[in-house]
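If you want the building blocks of each chain, they are given just below.
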Amino acid sequence: MNDTVSATYNGWSNRETWLVSLWLNNDPVNYALLQTACKRAGNAFNKAEWLESELQDEMCDLELEASLWSDLLGTALARVNWTEVIENN
């Protein structure tokens, strides 16, 4: 058994980043949001901050009660490399 775990996933920095990019590119509403972020003025970091903020706001709109699921969702989104998402789109 190999004890070495790769820190990357499908060419992305982690699975969470890959998954967010996958959804952003395959859902029409999210794709429009991604395109808006990519077209914004500023550098990749600023665009990434805007995109993360928009999606965090959407998560808050879900009105999730404190739970295992809301904590897992928040943790997964915190692991996303948002700048990588912008730079690869």
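For clarity, every value in this text was computed on a predicted model and none was experimentally measured.

Conventions adopted
- Residues numbered from 1 in each chain as written.
- Predicted model: local features only at pLDDT ≥ 70, side-chain atom pairs only at ≥ 80, totals over all residues.
- Heavy atoms only, no water.
- Helix = DSSP H or I, 4+ residues; strand = E, 2+ residues; numbered from the N terminus.
- Buried < 20%, exposed > 50% of the residue type's maximum accessible area, 1.4 Å probe, protein only.
- Contact = heavy atoms within 4.5 Å.
- Salt bridge = Lys/Arg side-chain N within 4 Å of Asp/Glu carboxyl O.
- Lys, Arg positive; Asp, Glu negative; His and termini not counted.
- Patch = residues over 30% accessible without salt bridge, like charges linked within 9 Å, V, L, I, M, F, W, Y side chains within 5 Å.
- Areas by Shrake-Rupley, 256 points an atom, 1.4 Å probe, with all protein chains shown as cover.

## Quick notes on the overall build of the protein chain
Along its length, the protein chain carries five helices and zero strands. The helix and strand sequence of the protein chain, counted from the amino end, reads α-α-α-α-α. Structurally, the protein chain occupies a C-alpha span of about 45 × 35 × 20 Å along its principal axes. Per-residue burial over the protein chain gives 29% buried out of 89 residues. For the protein chain, the proportion of contacts with a sequence separation of at least 24, taken over those separated by at least 6, is 59%.

## Quick word on the environment of Tyr 9
Within the secondary structure, Tyr 9 is located in the segment before α1 (15-26). Residue classification places Tyr 9 among the partly exposed positions, given a relative accessible area of 29%. Linking Tyr 9 and Val 29, residues 20 residues apart in sequence, is a C-alpha distance of 25 Å. Excluding residues that lie within four positions of it along the chain, Tyr 9 makes contacts with Asn 14, Arg 15 and Trp 18.

## Things to note about the pattern of salt bridges
Tallying each qualifying case throughout the model produces one salt bridge. Across the salt bridge formed by Glu 16 and Arg 79, the nearest N and O atoms sit 3.0 Å from each other. Residue Glu 16 is found in helix α1, and its partner Arg 79 is found in the loop between α4 (68-78) and α5 (82-87); the two are separated by 63 residues along the sequence. Note on Glu 16: relative accessible area 21%, which makes it partly exposed.

## Structural notes on the side chain of Lys 47
The residue Lys 47 is located in helix α3 (residues 44-61) in this model. Of the side chains with opposite charge, Glu 87 comes closest to the buried, unpaired Lys 47, at an N-O distance of 10.0 Å. Leave out the neighbours within four places in its chain, and Lys 47 touches Ala 37, Cys 38, Arg 40, Ala 41, Gly 42 and Ile 86.

## Here's the deal with a nonpolar patch on the surface
Together, Leu 62, Leu 64 and Leu 73 give the surface a local cluster of nonpolar side chains, amounting to about 270 Å² of exposed area. Tracing the backbone through its elements, the reader meets Leu 73 in helix α4. By relative accessible area, Leu 73 is classed as partly exposed at 31%.

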